[in-house]
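Okay, here's what each chain looks like letter by letter:
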Amino acid sequence: MNLIIKNMYRRKSVRRFTEKQLSDEEIIAIVEAGIQAPSGHNAQSAYYTIVQDRDLIEKMNQMAKAEMQKSEVDWIKKFGASERYHLLHNAPTVIIVSAKDDAYSPVEDSSAAIQNMLLAATSLGIGSVWIGLIKFFLHLDEAKEMLNIKEGYTPLFAVCFGYENIEVAGSKPIKKTDVYEWIR
Ligand SMILES: Cc1cc2nc3c(=O)[nH]c(=O)nc-3n(C[C@H](O)[C@H](O)[C@H](O)COP(=O)(O)O)c2cc1C
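Being a predicted model, the structure only gives us computed values, none of them experimental. (Residues numbered from 1 in each chain as written. Predicted model: local features only at pLDDT ≥ 70, side-chain atom pairs only at ≥ 80, totals over all residues. Heavy atoms only, no water.)

K.L.:
Quick question: what am I supposed to make of the overall build of the protein chain here?
P.N.:
Counting its regular elements, the protein chain contains 7 helices and 4 strands. Put simply, the protein chain runs from its N terminus to its C terminus through helices and strands in the order α-α-β-α-α-β-α-β-α-α-β. A compact globule built from 184 residues should have a C-alpha radius of gyration of about 16 Å, and the protein chain, at 17 Å, falls within 12% of that. With the C-alpha coordinates aligned to their principal axes, the bounding extent of the protein chain is approximately 50 × 45 × 40 Å. Taking the intrachain contacts of the protein chain between residues at least 6 apart in sequence as the baseline, contacts between residues at least 24 apart amount to 81%. Here the protein chain has roughly 11600 Å² of accessible surface; of this, 52% comes from carbon and sulfur atoms. Here the protein chain contributes 22 positive and 24 negative side-chain charges, whose respective centroids are spaced 8 Å apart. (Helix = DSSP H or I, 4+ residues; strand = E, 2+ residues; numbered from the N terminus. Rg over C-alpha atoms; globule rule 2.2 N^0.38 Å. Contact = heavy atoms within 4.5 Å. Areas by Shrake-Rupley, 256 points an atom, 1.4 Å probe, with all protein chains shown as cover. Lys, Arg positive; Asp, Glu negative; His and termini not counted. Charge placed at Lys NZ, Arg CZ, Asp CG, Glu CD.)

Structure representation (structure tokens):
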């Protein structure tokens, strides 16, 4: 199998990390892979905020979980209330991906960039997971200031990175394969 496709099969969401921090070179390689992604009308609208401040990561976790507890969706409420659950899985590096507000397709641009980063991380032996639930923090008024988000940008997603703790490694879910058909 082609190496890139093999890497896609290998990628899985990693939610148990070791304490070891990534090197700046590894982070730059991952972010630069994100930058290579396609974007609507070539807007290149994604912006990356690399957070390695443990206190800030913990604040995001706490503030998001407090909001999640107000949710009317049962499973979100339960996660918000669970002491064991960490929204950012105690990852040593969290990248917040923001999008330029006036871009043609901001969410798609950021999503394409994130997928590139996940695959780059996998190929470097680094674990990662895309965090959509960070919206419970990002929607708060104080979030943009806490993350130093530039005027004209909206933070959309978080992505956690670190080395997988193989002693408690999770498995990759089985993928459905009956999801395509031909028209010809
Ligand atoms: C848009 C999006 C949002 C996600 N949000 C979260 C999240 O908030 N927390 C989390 O632990 N995983 C999150 N994930 C990861 C999914 O749970 C994961 O991709 C899915 O269970 C399939 O597992 P796999 O990535 O190992 O193939 C998200 C994935 C996507 C694409």
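Read on for the rest.
K.L.:
Honestly, the pairing of strand β2 (residues 93-100) in this entry has me stumped. Any pointers?
P.N.:
Judged by how many residues are buried, β2 sits mostly within the fold: 7 of 8 residues are covered. Direction of pairing for β2 relative to strand β4 (residues 153-162): antiparallel, over a ladder of 8 bridges. Considered in β4, the bridge of Ile 96 is made with Ala 158. (Buried < 20%, exposed > 50% of the residue type's maximum accessible area, 1.4 Å probe, protein only. Pairing = 2+ DSSP bridges.)

K.L.:
Honestly, the pattern of salt bridges in this entry has me stumped. Any pointers?
P.N.:
A side chain of one charge can pair with a side chain of the opposite charge when the charged atoms of the two come close. Counted according to the given criterion, the structure contains 4 salt bridges. One salt bridge in this structure joins Glu 164 and Lys 12, with 3.0 Å as the shortest N-O distance. Residue Glu 164 is located in the segment after β4, and its partner Lys 12 is located in the loop between α1 (3-10) and α2 (24-35); the two are separated by 152 residues in the primary sequence. Judged by relative accessible area, which is 17%, Lys 12 ranks as buried. In this structure, Asp 74 engages Lys 78 in a salt bridge whose closest nitrogen and oxygen atoms are separated by 3.2 Å. Within this pair, Asp 74 and its partner Lys 78 are both found in helix α4 (residues 74-81), separated by 4 residues, close to a single helical turn. Judged by relative accessible area, which is 47%, Asp 74 ranks as partly exposed. (Salt bridge = Lys/Arg side-chain N within 4 Å of Asp/Glu carboxyl O.)

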